[in-house]
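For reference, the chains in residue letters:
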Amino acid sequence: MAVDLSEARDRDLVSRIGKGDEDAFGGLFRRYAPSARALAQRVVRQANLAEEIVQEAFLAVWRHPDGYDAERGSVKSWLMGMVHHRAVDLVRREEANRRRSDDAISDLSVHEPDPAEEVADQIDLPQERAAVKSALAELPPEQRQVVELMYFEGMSQSKISDRLQIPLGTVKSRTLLAMRRLRTTLGGIER
């Protein structure tokens, strides 16, 4: 009986949303947003992306409440289905973008020589390059990884934080420590 009453209340909220009732929308949001956020976060594993997915799903409810069909299931299952589909789509899109980016980088490195290396060879910088490679090799792995992502892949500290799933402050401190060590190690190179 309680489930039927709860479902009837949800259907009434969706019906009122169809008439532009903002209070009904707020009620539906308060009722299901925490569950929707938890579902999205389980799929995408990032709180900020989960928030965006929930906002998109509820915006879709506001714009198209007529998309709900009582014969196909409950309001809750309709909402959670929208959240889940959006989260899975985002993960697939991110993975496809990552693959395309990796493919483009590997294509460039295989087919086209790096112009910076050609210039370095032409102006006799192989010794400096070897010294930098040696200095990088001496860094602790976690510091070297941050420096390589930043300088060789052009990533910002916040993107490195997202990719490695570590706090931004950790990325910043690893960068600072690595740069100090590199400065000390490479300080004697003549230019």
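Rules of the game
- Each chain carries its own residue numbering, running from 1 in the direction its sequence is written.
- Totals for whole chains, interfaces and linings use every residue, but because this is a predicted model, local features are given only for residues with pLDDT of at least 70 and side-chain atom pairs only at 80 or more, for both listing and counting.
- Note: side-chain values were computed over all heavy atoms of the structure, leaving out hydrogens and water.
- Starting at the N terminus, helices and strands are each numbered in turn, a helix being any DSSP run of H or I of at least four residues and a strand any DSSP run of E of at least two.
- To estimate how far a helix should extend, the number of its residues minus one is multiplied by 1.5 Å.
- Partly exposed residues are those whose accessible area sits between 20% and 50% of the maximum for their type, while under 20% is buried and over 50% is exposed, using a 1.4 Å probe and protein chains only.
- The directions from the helix axis to the C-beta atoms are what the arc is built from.
- Each salt bridge in this description consists of a side-chain nitrogen of Lys or Arg and a carboxyl oxygen of Asp or Glu lying within 4 Å of one another.
- Lines fitted to C-alpha atoms define the axes here, with helix axes fitted over just the stretch in contact, and angles between the N-to-C directions of these axes take values from 0 to 180 degrees.
- Each crossing gets its handedness from the near helix: less than a right angle anticlockwise from the far helix is left-handed, clockwise is right-handed.
- The criterion used for residue contact is that any of the two residues' heavy atoms lie within 4.5 Å.
- Under the scheme applied here, ten amino acids are nonpolar (Ala, Val, Leu, Ile, Met, Phe, Trp, Tyr, Cys and Pro), four are charged (Asp, Glu, Lys and Arg), and all others, including Gly, are polar.
- A cavity, in this analysis, means grid points on a 1 Å lattice covering only the protein atoms where a 1.4 Å probe fits yet has no way out; a pocket is instead an open set bounded by protein on both sides within 12 Å along at least five of seven lines, and a residue lines either one if it has an atom within 4 Å of a point.
- Grid points are joined across faces, edges and corners, and a volume is the space filled by probe spheres set on the points.

An account of helix H3 (residues 47-63) is needed here, citing residue identities and associated values.
Over its 17 residues, H3 runs 24 Å from end to end, which matches the ideal 24 Å to within 8%, given 1.5 Å per residue. Restricting attention to buried positions, one finds in H3 the residues Leu49, Ala50, Ile53, Val54, Ala57, Phe58, Ala60 and Val61. Axial view of H3: buried residues confined to an arc of 165°, hence all on one face. Facing away from the buried side of H3 by more than 90 degrees, the exposed set consists of Gln55 and Arg63.

Which residues make up the pattern of salt bridges, and what are the values?
Applying the stated criterion to the full structure yields eight salt bridges. Salt-bridge contacts for Glu7 lead to Arg11; the nearest nitrogen and oxygen are separated by 3.6 Å. Of the two residues, Glu7 and Arg11 are both situated in helix H1 (residues 2-18); the distance of four residues between them amounts to about one turn of the helix. Overall, the relative accessible area of 14% leaves Glu7 in the buried class. Measuring nitrogen to oxygen at the nearest pair gives 2.7 Å for the salt bridge that ties Glu51 to Arg37. Here Arg37 lies in helix H2 (residues 22-44) and Glu51 lies in helix H3, a separation of 14 residues in the sequence. Under the relative-accessibility criterion, Glu51 is labelled partly exposed at 32%. A network of salt bridges, in which partner residues are shared, links Asp12, Arg16 and Asp21.

Lay out the packing of H2 against H3 with the relevant residues and their values.
Remark: H2 packs on H3, axes separated minimally by 8 Å, with the N-to-C direction vectors making an angle of 140°. Crossing handedness for the pair H2 and H3: right-handed. Residues Glu22, Phe25, Leu28, Phe29, Tyr32, Ala33, Ala36, Arg37, Ala40, Gln41 and Val44 of H2 form the contact with H3, whose own contacting residues are Ala47, Leu49, Ala50, Glu51, Ile53, Val54, Phe58, Val61 and Trp62. For the contact of H2 with H3, the per-class residue count stands at 16 nonpolar, one polar and three charged.

For the layout of surface pockets, give the residues involved together with the corresponding values.
Volume-wise, the largest pocket comes out at about 770 Å³. Elements with a minimum of two residues in the lining of the largest pocket: H2, H3, helix H4 (75-111) and helix H8 (157-164). Element by element, the count of residues in the lining of the largest pocket is highest for H4, at nine residues. Here the lining of the largest pocket is composed, by residue class, of seven nonpolar, five polar and nine charged.

Note that all results are geometric; they support no functional claim without further evidence.
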